[in-house]
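This is what each chain is made of:
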Amino acid sequence: MPALPPDGAARTPVDVAVGVLIERDAAGRDGRFLLTSRPEGKVYAGHWEFPGGKLEAGETVEQALRRELREEIGIEVRQVEPWRVEIVDYPHARVRLHFCKVHRWSGEFQMLEGQAMAWQALPVEVAPVLPGTLPVLQWLAEERGHAGPTHRS
Ligand SMILES: Nc1nc2c([nH]c(=O)n2[C@H]2C[C@H](O)[C@@H](COP(=O)(O)OP(=O)(O)OP(=O)(O)O)O2)c(=O)[nH]1
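Each chain carries its own residue numbering, running from 1 in the direction its sequence is written. Only residues with pLDDT of at least 70 get local features here, since the model is predicted, and only at 80 or more are side-chain atom pairs given and counted; chain-wide, interface and lining totals rely on the full set of residues. Each side-chain value is derived from all of the structure's non-hydrogen atoms; neither hydrogens nor water enter the calculation.

Undergrad: Can you walk me through the pairing of strand 2 (residues 30-37) in this structure?
TA: Every regular strand shows the same layout, with side chains that alternate between the two sheet faces. Type-normalised accessible area, obtained with a 1.4 Å probe on protein chains alone, sets the label of each residue: buried when under 20%, exposed when over 50%, and partly exposed for intermediate values. Helix numbering and strand numbering both begin at the N terminus, where a helix is a DSSP run of H or I of at least 4 residues and a strand a DSSP run of E of at least 2. For strand 2, the buried fraction is high: six of the eight residues fall into the buried class. Between any two strands, pairing holds if DSSP finds at least two bridges. Relative to strand 7 (residues 117-120), strand 2 runs antiparallel, the two sharing four bridges. The residue bridging threonine 36 from the neighbouring strand is methionine 117, located in strand 7. Inspection of the sheet shows strand 2 paired to strand 3 (residues 48-49) by two bridges, in the antiparallel sense.

Below, the structure written as structure tokens:
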């Protein structure tokens, strides 16, 4: 019988659409980005993440992102820029995170699942941050020439 692959590799990843909402400053440069806290009742409740959620059957990443941000934070995404894809193994699931930059949206932010929201710069001040968001903070640090820690450990 062939050896079983290591735990994690055996699991099919769940696709997740994630929005990195970024404010632009007066000069058009990327500024603060939005983090939200995971609501009570979900795994990693209280951890900070970029808003998003799992794709439903037949949805594209962009469709899922628009739906999730409407359902969770009450905004209409106006433009989606696919950015990077990352697989993360958690004890509860293996996820394929499709990170998208979002610079344009409309509507007022409403925390429809009882989350909290925080516009953040580097280093991120809210804690704890979800493990799957750490690579994003690193990519943002590289883009912005930020040296030093990206978050509080
Ligand atoms: N939204 C989001 N999820 C992330 C990030 N990083 C990361 O590892 N994840 C993981 C956590 C979860 O295992 C998964 C997202 O699933 P979820 O439970 O939030 O999705 P959902 O809103 O569709 O939830 P549900 O309907 O199943 O309750 O992706 C991130 O930055 N944002």
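Undergrad: Explain helix 1 (residues 61-73) here, please?
TA: Spacing of three or four residues puts side chains on the same side of an α-helix, whose turn is 3.6 residues. Helix span is expected to be 1.5 Å times the residue number reduced by one. Given a rise of 1.5 Å per residue, 13 residues ought to cover 18 Å, and the 17 Å separating the end C-alpha atoms of helix 1 matches this to within 8%. Buried residues of helix 1: Ala64, Leu65, Arg67, Glu68, Leu69, Glu72 and Ile73, and no others. Looking one or two residues past helix 1, glycine 74 carries a phi angle of roughly 75 degrees, positive in sign.

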